[in-house]
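If you want the building blocks of each chain, they are given just below.
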Amino acid sequence: METREVISIINFSGPFITALFCLVLIIVRYSQRDEYTRTILLRLLMIYYTTIICVSFASFSFVYLRPVYVLINSLSMLSILYSIVIIFHIIHLVTATGKPKPFSFIHYLTPAVVTLVQYYWSYYFILKTDPAIIYSSYWFLAVSSFKLGIWIVYGTVYSLSGLQKIIRYKEIIMNYSADEDRSSMRWLYTVIICTIALIPPTFLYVFLRNEVVLGSIFSLMTNFILQLQLVVLAYNMFTENYVIMYPVGSNPETENTVLVKIDKNHFEQFMREKKPYLNPGLRITDLMRELCTNRSYLSGYINKTYSMSFSRYINTCRLRELKRMQNDPKLSAYDSESLIIKAGFRSIRGYQRFIKQEKANV
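Residues numbered from 1 in each chain as written. Predicted model: local features only at pLDDT ≥ 70, side-chain atom pairs only at ≥ 80, totals over all residues. Heavy atoms only, no water.

1. Remarks on the packing of aromatic side chains
- Throughout the structure, instances matching the rule amount to 13 aromatic pairs.
- Between Phe-88 and Phe-103 the ring centres are 5.9 Å apart and the planes differ by 50°, which places this aromatic pair in the tilted class. With Phe-88 in helix 3 (residues 66–94) and Phe-103 in the loop between helix 3 and helix 4 (106–129), the pair connects residues that are 15 residues apart, well separated along the chain. For the residue pair Phe-88 and Phe-103, the accessibility class agrees, reading buried in each case.
- On the basis of an interplanar angle of 75° and a centroid distance of 5.3 Å, the ring pair of Phe-345 and Tyr-351 is categorised as edge-to-face.
- An aromatic cluster is present here, built from Tyr-82, Phe-88, Phe-103, Tyr-108, Tyr-154 and Tyr-158 joined pairwise through their rings.
- Over the face of the ring belonging to Tyr-30 we find Arg-33, whose NZ or CZ atom lies 4.1 Å from the ring centre. (Phe/Tyr/Trp six-rings, centres within 6.5 Å; stacked < 30°, edge-to-face > 60°. Helix = DSSP H or I, 4+ residues; strand = E, 2+ residues; numbered from the N terminus. Buried < 20%, exposed > 50% of the residue type's maximum accessible area, 1.4 Å probe, protein only. Lys NZ or Arg CZ within 6 Å of the ring centre and 35° of its normal.)

If you want it as structure tokens, here you go:
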């Protein structure tokens, strides 16, 4: 078997197998769900990986089973658009920063309408003009060009909208969570970058679809980008590597609205004795009941009194605790990594990220 044939097989089987594996992984996670599991996110992911499987099979059919591709062409179109919408829906849920807003049904209705238009145009309109054209190279190129154009528009618009949501989330989350790892949302940037990175090669893939392109390292890299996106989504959803400011379906209006003035001495004594910062997943809402106040007042108090965000203040306490532990003879048996975790940092990476930020602020 020639190298080009091997690459071609990997190109078509890679995304299909990866999506299938991720789908099984998410189904297993869904079967083990409990009352705290974000089931709506897992359901969305199951649908997402199903759409990718459909797109992968359609891509294979485009080259090797063209009569089949004619039949599933519209399903492929719908799957492509829904995969983009679902990613945006996930971003919408995990980056919510205020009162939860329902995800507009228009986002799912529009792809269906576009698919119906594409179905009518690719079959009835062309068949009326020239029925013999349906199996020609012209028909396949025209249909693929239409799908590509719509995909580029959808991919660009939804990627930019998702990026805007993430940036807004990042500005607010620092005053809500002190979990550097889960609130960084760097993996979402990776997902969006992968979506945008797929546009140029897909353009060439459609218009230069031949054996040279299919069997090239360039094509292999394109499929690697798609598979990277699939794996990043599955891993971070499976491990719940995110911080949702308000659980899906909850009402932020139920928060305590009583404003109790915080005494600095009492606040610092509470932090020294209770050491809430040892909890890696600490959120500002975890302190409201103990301090008899609400989130807005507590956040504003920390900002004004210590000139830093809630996240930075808590991580500063963790850093101070870490230094104390390092100087404690009783803890000399622990290595540096263990002490970092005991001090409240979720991971070494989160600790290093905070140190880097602190050096940049000096």
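2. Some details on a nonpolar patch on the surface
- Together, Phe-16, Ile-17, Leu-20, Val-24, Val-28, Phe-57, Phe-60, Tyr-64 and Leu-65 line one region of the surface with nonpolar side chains, adding up to about 740 Å² of accessible area.
- At the level of elements, helix 1 (3–31) and helix 2 (39–64) are the ones that each hand at least two residues to the nonpolar patch.
- When residues in the nonpolar patch are grouped by element, the largest group, five residues, is from helix 1.
- Inspection of the secondary structure puts Ile-17 in helix 1.
- We classify Ile-17 as exposed; its relative accessible area is 52%. (Patch = residues over 30% accessible without salt bridge, like charges linked within 9 Å, V, L, I, M, F, W, Y side chains within 5 Å. Areas by Shrake-Rupley, 256 points an atom, 1.4 Å probe, with all protein chains shown as cover. Salt bridge = Lys/Arg side-chain N within 4 Å of Asp/Glu carboxyl O.)

3. What to know about the nonpolar core
- If you look at the biggest cluster of nonpolar residues, it comprises 73 residues, and the most contacted ones within it are Tyr-48, Tyr-49, Trp-187, Phe-267 and Tyr-313.
- Counting residues per element, this core draws most heavily on helix 3, which supplies twelve residues.
- Discounting residues that sit within four places of it in the chain, Phe-267 has contacts with Ile-262, Leu-291, Leu-298, Tyr-301, Ile-302, Tyr-306 and Tyr-313.
- Formed by ten residues, the second largest nonpolar core is a distinct cluster that contains Leu-319, Leu-322, Leu-339 and Phe-345. (Core = buried A, V, L, I, M, F, W, Y, C linked by side-chain atoms within 4.5 Å. Contact = heavy atoms within 4.5 Å.)

4. With respect to the confidence of the model for the chain
- This prediction gives the chain a mean pLDDT of 82; 81% of its residues lie at or above 70.
- Within the chain, the lowest mean pLDDT, 51, falls on helix 9 (residues 211–214), and the highest, 93, falls on helix 14 (residues 310–326). (pLDDT = per-residue confidence, 0-100.)

5. Some points on unusual backbone geometry
- Of note, Lys-275 is a non-glycine position whose phi angle comes to about 45°, a positive value.
- Of note, Lys-275 is situated in the loop between helix 11 (264–274) and helix 12 (285–291).
- With phi around 55°, Cys-292 is a residue other than glycine that occupies positive phi space.
- Secondary-structure assignment places Cys-292 in the loop between helix 12 and helix 13 (295–306).
- A residue is classified by how much of its surface remains accessible, and Cys-292, at 46% relative accessible area, is partly exposed.

6. Topic: the side chain of Asn-315
- For Asn-315, the location among the structural elements is in helix 14.
- According to the relative accessible area criterion, Asn-315 is buried, its value standing at 0%.
- Not counting the four nearest positions on each side in its chain, Asn-315 is found in contact with Ala-178, Glu-180, Phe-345 and Phe-354.

7. Digging into the pattern of salt bridges
- Under the counting rule described, the total for this entry stands at seven salt bridges.
- Note that Arg-346 is salt-bridged to Asp-179, the shortest N-O span being 2.7 Å. You can see Arg-346 sitting in the loop between helix 15 (336–342) and helix 16 (348–361) and its partner Asp-179 sitting in the loop between helix 5 (137–173) and helix 6 (180–183), a full 167 residues away along the chain.
- Residue classification places Arg-346 among the partly exposed positions, given a relative accessible area of 32%.

8. Comments concerning helix 3
- Given a rise of 1.5 Å per residue, 29 residues ought to cover 42 Å, and the 40 Å separating the end C-alpha atoms of helix 3 matches this to within 8%.
- Taken as a whole, helix 3 carries its principal kink of about 60° at Ile-72.
- Of all 29 residues that make up helix 3, 22 are buried, and the element is covered over most of its length. (Expected span 1.5 Å × (residues − 1). Bend = angle between axes of the 7 residues up to and from the residue.)

9. With respect to the packing of helix 11 against helix 13
- Packing of helix 11 against helix 13 brings their axes to within 13 Å, and their N-to-C directions diverge by 100°. On the basis of their axis angle, the class for helix 11 and helix 13 is roughly perpendicular. Contact residues: helix 11 offers Lys-264, Phe-267 and Glu-268, while helix 13 offers Leu-298, Tyr-301, Ile-302, Thr-305 and Tyr-306.
- Taken together, the residues that form the contact of helix 11 with helix 13 break down as five nonpolar, one polar and two charged. (Axes fitted to C-alpha atoms, helices over the stretch in contact; angles between N-to-C directions. Parallel < 35°, antiparallel > 145°, perpendicular 65-115°, else oblique. Nonpolar A, V, L, I, M, F, W, Y, C, P; charged D, E, K, R; others polar.)

10. Considering helix 13
- Along its twelve residues, helix 13 runs 16 Å from first to last C-alpha, staying within 8% of the 16 Å computed at 1.5 Å per residue.
- Turning to helix 13, its buried residues number three or more, namely Arg-295, Leu-298, Ser-299, Tyr-301, Ile-302 and Tyr-306. Down the axis of helix 13, the buried set is contained in an arc of 160°. They therefore lie on one face. Pointing more than 90 degrees away from the buried face of helix 13 are the exposed residues Ser-296 and Lys-304.
- Elements in contact with the buried residues of helix 13: helix 11, helix 12 and helix 14.
- The opening residue of helix 13, the one whose side-chain oxygen lies 3.4 Å from the backbone nitrogen of Ser-296, is Asn-294.
- Phi for Ser-307, located one or two positions after helix 13, is positive at around 55°. (Arc of directions from axis to C-beta. Polar contact = N/O pair within 3.5 Å; in protein donor to acceptor, adjacent residues only side chain to side chain.)

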